[in-house]
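Structure assessment
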Amino acid sequence: MMRKKSVSASKASLVLFLCQMISALEVPLDSKLLEELSQPPTITQQSPKDYIVDPRENIVIQCEAKGKPPPSFSWTRNGTHFDIDKDAQVTMKPNSGTLVINIMNGGKAEAYEGVYQCTARNERGAAISNNIVIRPSRSPLWTKEKLEPNQVREGDSLVLHCRPPVGLPPPIIFWMDNAFQRLPQSERVSQGLNGDLYFSNVQPEDTREDYICYARFNHTQTIQQKQPISVKVFSMDSLNDTIAANLSDTDIYGAKPVTERQPVLLTPTGSTSTKVELRGNVLLLECIAAGLPTPVIRWIKEGGELPANRTFFENFKKTLKIIDVSEADSGNYKCIARNILGSAHHVISVTVKAAPYWITAPRNLVLSPGEDGTLICRANGNPKPNISWLANGVPIAIAPEDPSRKVDGDTIIFSHVQERSSAVYQCNASNEYGYLLANAFVNVLAEPPRILTSANKLYQVISDSPALLDCAYFGSPKPEIEWFKGVKGSILRGNEYIFHDNGTLEIPVAQKDSTGTYTCVARNELGKIQNEVQLEVKDPTMIIKQPEYKVVQRYGQVSFECIIKHDSTLLPTVIWLKDNDELPDDERFLVGKDNLTIMNVTDRDDGTYTCIVNTTLDSVSASAVLTVVAAPPTPAIIYARPNPPFDLELTGQLERSVELSWIPGDENNSPITNFVIEYEDGLHEPGVWHYQTEVPGTQTTVQLKLSPYVNYSFRVIAVNEIGRSQPSEPSEQYLTKSASPDENPSNVQGIGSEPDNLVITWESLKGFQSNGPGLQYKVSWRQKDVDDEWTSVIVANVSKYIVSGTPTFVPYEIKVQALNDLGYAPEPSEVIGHSGEDLPMVAPGNVQVHVVNSTLAKVHWDPVPLKTVRGHLQGYKVYYWKVQSLSRRSRRHVEKKILTFRGNKTFGMLPGLEPYSSYKLNVRVVNGKGEGPASPDKVFKTPEGVPSSPSFLKITNPTLDSLTLEWGSPTHPNGVLTSYILKFQPINNTHELGPLVEIRIPANESSLILKNLNYSTRYKFYFNAQTSVGSGSQITEEAVTIMDEAGILRPAVGAGKGYSETLFATSPVMHTVRPTFYKVQPLYPRIRNVTTAAAETYANISWEYEGPDHANFYVEYGVAGSKEDWKKEIVNGSRSFFVLKGLTPGTAYKVRVGAEGLSGFRSSEDVFETGPAMASRQVDIATQGWFIGLMCAVALLILILLIVCFIRRNKGGKYPVKEKEDAHADPEIQPMKEDDGTFGEYRLFSFVSSAPF
């Protein structure tokens, strides 16, 4: 407790503020609910703070408020109670606080001048209005004065003073003559900001007697006139003539000629001056200079640049105008007046102060009994404003004490509130330049649950799409929501449902069996309520026969089919489009139930045709292209484009219309179907032709609508079935008169580029749309849902304006109105924009990870409050990375992966994880500005998986009856290895597989010696590793034991033979380190060692059977991972192998073997994958015994022939060698034996060694 008390106030405020954001109740905008709930008063409408009224009309001081129960109203005047019942001239509108002061029936507006404040009160608190200062407008007459004529010499400067009477508000000044025509102004003659008329130098044409200053008082709609001022300018020539006429010929005298003078500033005087302006206002600085020639004014800012897009020059650059000034605009501004003789300058020191403006205005707070919350009131200004609090209109220091309330500067902290804590609090931020007053209520409610969604509401969705079942609710404390399926169903839980904070139940993938009744139950400590809704899941609409690409000859017929299948309860509508637009209104297009037929096809029918099928729940479409080709030409007739029209004539010229007529050119054997009229705007876009309209081919005149301020020329193009003619010669030009704009800019948008600005953009009007010269735009904006006046500025012909100093990401109402020298366009429509976004403030909370399997996990998080997003919510990003492998305990370079989930989604799947690994993740919210802070890292682990295949398998040291196997551990063990599985079987000369033997090897072994194998026999080995989850993928290898060169007979290898399992079971299997003995224990009956050897479209399945004889086997198989039923193939006889045919290449299959008549007796499942033809099991012919024997026999025969030839060439004695051989034939010399497949090599060599030479 002591530690908690030591926490600073600022930290406590922050913690409670976060609690407020999380726990404060949100009252749904349901009209019926709002009518029933108690609510403190809220001021909805009030008069402006400075309210200048017309003294001739009744004074209406507005004050409207809402609340439950309806509030009562009272007023103060100049700080004391204003008893309206005692003043017959004052009435209050019924059910309102608005005062009406009757001036038109004898009342005097001056008597009601003062400061008024309205209070709206009910049993839950009191809200107050601003201080409304009432002042009647004044338009006093000009004081009479005797004006002497102004006599001035040509070239001198002159100032005509206006000095208008002081009015409320100040009048608008302008100068006119007796004919009520404005006096022309220029760089030489101009009106100053104070209303005076300045002449930089006078000219003889300035002589006149009717310089009249007018003051217009807008509130009273009156204009006051000053007495005319007379100005007489003496030119040097006339002055010299006068002097000469009055002097003798002997006198030498004359007036000096007009002399040029360097600039001198008429206003402001001196070399420096100061100016104070308020933030957000328009800064106006003025410099007017005398001189001859007329000086030119230039403006600079010392030590900086004039702000772009906010700086404008008026009154012939004598006035510098900066709109929406901020503190950054403070500084020294220098005006420089220059002519050919020199220059003069003046420095104006500008200081920008600021009336208070909101940083965070207090917001209404709705709490449940016992909850905590905060009201925050933050404002800025220059000087820094003072913050003070009131409770129900009374300063909080003297207000009734509330133990749940604690004031901490600009924050009020509420703890464990009760219903009596309800009140309206006022925050006042003030400095010497103004004040801000905001009402915010604290409404403590204890309400039983209410379900706002209508009962038995029917929801219909398409199968495999999301279903959202609403359960809008309210209660205080906030109710808990539960969903049930069916009237007596159990509560819904699990990953197949998503439960939203607003009570909505989401079924991400609705199936047909999702149809039914769902019950929503809302309960809190004050009660419980439930509501039922119905869900129907429909079959999707499908186009089972789509339109196909067609090529058709011109004038032929074509048909597109569109046959659909849909849910029987939905009524589909079929729409055909051509090139994404409606079909032409032509009787040649026939739309049938399942097709579209086009008769008498023309070139214009060429394009893309789309069939769109719509139901109330879904929509599908399919498209096909139609290509129209020319029909075989008819030699007798030549068709061509028409010749261009000619002799264009304009008649009946009006301001907005003109009649155009022409004479058609030759049709060239193809009737003209229509004429296209185009126009050129020689004033704005010379040389560019635009489409105006088109008329039927039988028409040769047309009435054309025109726009103001356009210099029109027209041309006509004829069109027939072949194509378009060349354009006609242009018509004569016709210039229309100027007018105010008819339209406003389009595509008005408001999007902030920085957190404190609003960039307003629009598409400028085209040249001819301006309707006249001097195109400008009036840009207006105000904050939405805040009772603010429109702020407006007129900008040049640009397409962007930036509003600075805005709150972060708040909505604004925006409008842009065009104007030119002749007036304004119609009132524009309002659009909604947003000020600039800022990075999100908080991270998603309650991040939870559910590991689905060894490679997939599902992450959940709570959405962040929308007001902390501070921008358009784009989604959430999940950063996740592998920390280490649990099997190797080795760290590696962290490679972070990112998954983005669009929208307000609160869960996502993380695929591609590595089994048996430790991961970390965090979640961040994303808006248009960027990413928010990351949530705390969440650690999760993936379970074990099956390992990868061993890294290698080598078979070495072949002997007559043994082979040595060496292997490497899997690259990715994906868990703790428990053992290795070795399977092997012999392969005979006809590529048949013998019985399969299986051995389990401890996981810590890396080699073994297999003994008691058959010599000169090829074996195929299958080797894989195992974890506790199961077996990994296998690696295969083949090897051959060496031949027995000692002539030891080996047993014949037939189908299903080649390795003695009985012998192996009692023979040792030697490891490289120490001998190990394996013995397979038979289980009867059983089917084991199911082995597959797959190719592209077939697979050889073999197995071992131990059990009673005469078992009838069958093979079951199916696609791995599929829920389809197993397919079954019967094996003929009692064979232990079978060939599955007709398989799909590149597909994983599952297979198992069973025996008929034995209940539940089948093998375990095996998985194999088809693919490109596997490496051939063909045995290397060079290692086969029969091939070696054949080659030896051939070599022996060649050797015998050579020996016989040698003997015949060297024979001797009385008898030939042949006879001797016949007489002494060796009985051991026998031909090659073919019955046993041997050659008798040993006997052959014996014969050779004993032959005589």
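Residues numbered from 1 in each chain as written. Predicted model: local features only at pLDDT ≥ 70, side-chain atom pairs only at ≥ 80, totals over all residues. Heavy atoms only, no water.

1. Describing the overall build of the chain
Heads up, the condition is: Strands are runs of DSSP state E lasting at least 2 residues, helices are runs of H or I lasting at least 4, and numbering of each runs from the N terminus. Contacts are residue-level and defined by heavy atoms, with any inter-residue pair within 4.5 Å sufficient. Exposure was quantified through the Shrake-Rupley algorithm and a 1.4 Å probe, taking into account, for residues, occlusion by the shown protein chains and nothing else.
The helix and strand inventory of the chain stands at 9 helices and 94 strands. Considering only residue pairs separated by 6 or more positions, the chain has 65% of its internal contacts joining residues 24 or more positions apart. Surface exposure of the chain reaches about 67,300 Å², of which carbon and sulfur atoms provide 51%.

2. Looking at the environment of Gln 262
Let me state the cut-off plainly: In this scheme, a residue with accessible area under 20% of its type's maximum is buried, one over 50% is exposed, and one in between is partly exposed, where area comes from a 1.4 Å probe on protein chains only.
Within the fold, Gln 262 resides in strand β20 (residues 261–267). Overall, the relative accessible area of 45% leaves Gln 262 in the partly exposed class. Between the C-alpha atom of Gln 262 and that of Ala 290, which follows or precedes it by 28 residues, the distance is 8.1 Å. What Gln 262 contacts, discounting residues up to four positions off in sequence, is Ala 290, Gly 291, Asn 339, Leu 341 and Gly 342.

3. What about the nonpolar core?
Put simply, the rule reads: Within this scheme, the nonpolar core is defined by two criteria: the residues are buried Ala, Val, Leu, Ile, Met, Phe, Trp, Tyr or Cys, and they are joined through side-chain atoms within 4.5 Å.
Ranked by internal contacts, the top residues of the largest apolar core, which has 30 residues, are Ile 59, Ile 61, Trp 75, Ile 101, Tyr 116 and Ile 134. Of all elements in the fold, only β2 (50–53), β3 (59–61), β4 (63–68), β5 (72–77), β8 (99–101), β9 (114–122) and β11 (132–136) reach the threshold of two or more residues within this core. Not counting the four nearest positions on each side in its chain, Tyr 116 is found in contact with Ile 61, Trp 75, Thr 76, Arg 77, Phe 82, Ile 101, Asn 130, Asn 131, Ile 132 and Ile 134.

4. Remarks on the state of the cysteines
Stated formally: The disulfide definition used here is simple: a pair of cysteine sulfur atoms within 2.5 Å.
Under the definition given, this model contains 6 disulfides. Here Cys 471 engages in a disulfide with Cys 520; their sulfurs sit 1.8 Å apart. On the S-S bond that ties Cys 471 to Cys 520, the torsion sits near -60°, and the link is left-handed. A residue pair is termed long-range when its members are at least 10 positions apart, and Cys 471 in the loop between β40 (467–469) and β41 (473–476) and Cys 520 in strand β45 (residues 516–524) qualify at 49 residues. The same class applies to Cys 471 and to Cys 520, which are both buried. A sulfur-sulfur separation of 1.9 Å characterises the disulfide bridge that pairs Cys 562 with Cys 611. Residues Cys 562 and Cys 611 share a disulfide whose torsion about the S-S bond is about -65°; that sign makes it left-handed. With a gap of 49 residues between them, Cys 562 in the loop between β49 (558–561) and β50 (563–565) and Cys 611 in strand β55 (residues 607–614) connect regions that are remote in the sequence. On the basis of relative accessible area, Cys 562 is assigned to the buried category, the value being 2%.

5. What about the sheet that holds strand β22 (residues 283–286)?
Selection rule: Two strands form a pair only when DSSP identifies at least two bridges running between them. Every axis corresponds to a line fitted to the C-alpha atoms, with the helix fit spanning only the stretch in contact, and the corresponding angles, defined between N-to-C directions, vary from 0 to 180 degrees.
Taken in spatial order, the 3 strands of this open sheet run β22-β26-β25, and their pairing is antiparallel. Looking at which strands have only one partner, the edges of the open sheet turn out to be β22 and β25 (311–314). For this sheet, the mean angle separating the axes of adjacent strands, direction not counted, is 20°.

6. Looking at the pairing of strand β18 (residues 222–225)
Relative to β18, strand β17 (residues 208–217) runs antiparallel, the two sharing 4 bridges. Pairing of Ala 215 across the sheet is with Gln 224, part of β18.

7. Details of empty space enclosed by the protein
Our working rule: With a 1 Å grid laid over protein atoms only, a set of points is called a cavity when a 1.4 Å probe fits there but cannot get out and a pocket when it is open yet has protein on both sides within 12 Å along at least five of seven lines; lining residues have an atom within 4 Å of a point. Grid points are joined across faces, edges and corners, and a volume is the space filled by probe spheres set on the points. Under the grouping applied here, Gly and all other residues not named as nonpolar or charged are polar, the nonpolar ones being Ala, Val, Leu, Ile, Met, Phe, Trp, Tyr, Cys and Pro and the charged ones Asp, Glu, Lys and Arg.
On inspection of all chains with the given rule, the structure shows 1 cavity of 30 Å³ or more. The calculated volume of the largest cavity comes to roughly 30 Å³. As for the largest cavity, its lining consists of Glu 187, Ser 200, Ile 288, Ala 289, Thr 294, Pro 295, Ile 297 and Lys 318. A breakdown of the residues in the lining of the largest cavity according to their chemical character gives 4 nonpolar, 2 polar and 2 charged.

8. As for the sheet that holds strand β92 (residues 1137–1140)
Across the sheet, which stays open at both edges, the 3 strands sit in the order β88-β89-β92 with antiparallel pairing between neighbours. Of all strands in the sheet, those with a lone pairing partner are β88 (1086–1094) and β92, marking the two edges. Adjacent strand axes in the sheet meet at a mean angle of 20° when their direction is disregarded.

9. Digging into the confidence of the model for the chain
Just so we agree on the cut-off: Each residue carries a pLDDT value, the predictor's own confidence for that position, ranging from 0 to 100.
On average, residues of the chain score 84 in pLDDT, and 86% of them are at 70 or above. Within the model, pLDDT remains below 50 along residues 1–23, and this stretch shows 21 contacts once partners closer than five positions in the same chain are excluded. The low-confidence segment residues 1212–1253 (pLDDT under 50) makes 18 contacts with residues lying over four places distant or belonging to another chain.

10. Things to note about the pattern of salt bridges
Here is the rule we go by: We count a salt bridge whenever a side-chain nitrogen from Lys or Arg sits within 4 Å of a carboxyl oxygen from Asp or Glu.
All told, the structure shown has 39 salt bridges when counted by the stated rule. One salt bridge in this structure joins Arg 138 and Glu 113, with 3.3 Å as the shortest N-O distance. Taken together, the residues span a long stretch of sequence, with Arg 138 in the loop between β11 and β12 (150–153) and Glu 113 in the loop between β8 and β9 at a distance of 25 residues. Judged by relative accessible area, Arg 138 falls into the partly exposed class, the value being 37%. A relative accessible area of 28% places Glu 113 in the partly exposed class. Where Arg 188 meets Asp 206, a salt bridge forms, and the shortest distance between an N and an O atom there is 2.6 Å. Taken as a pair, Arg 188 in the loop between β14 (172–176) and β15 (189–191) and Asp 206 in the loop between β16 (197–199) and β17 lie far apart in primary sequence, 18 residues in all.

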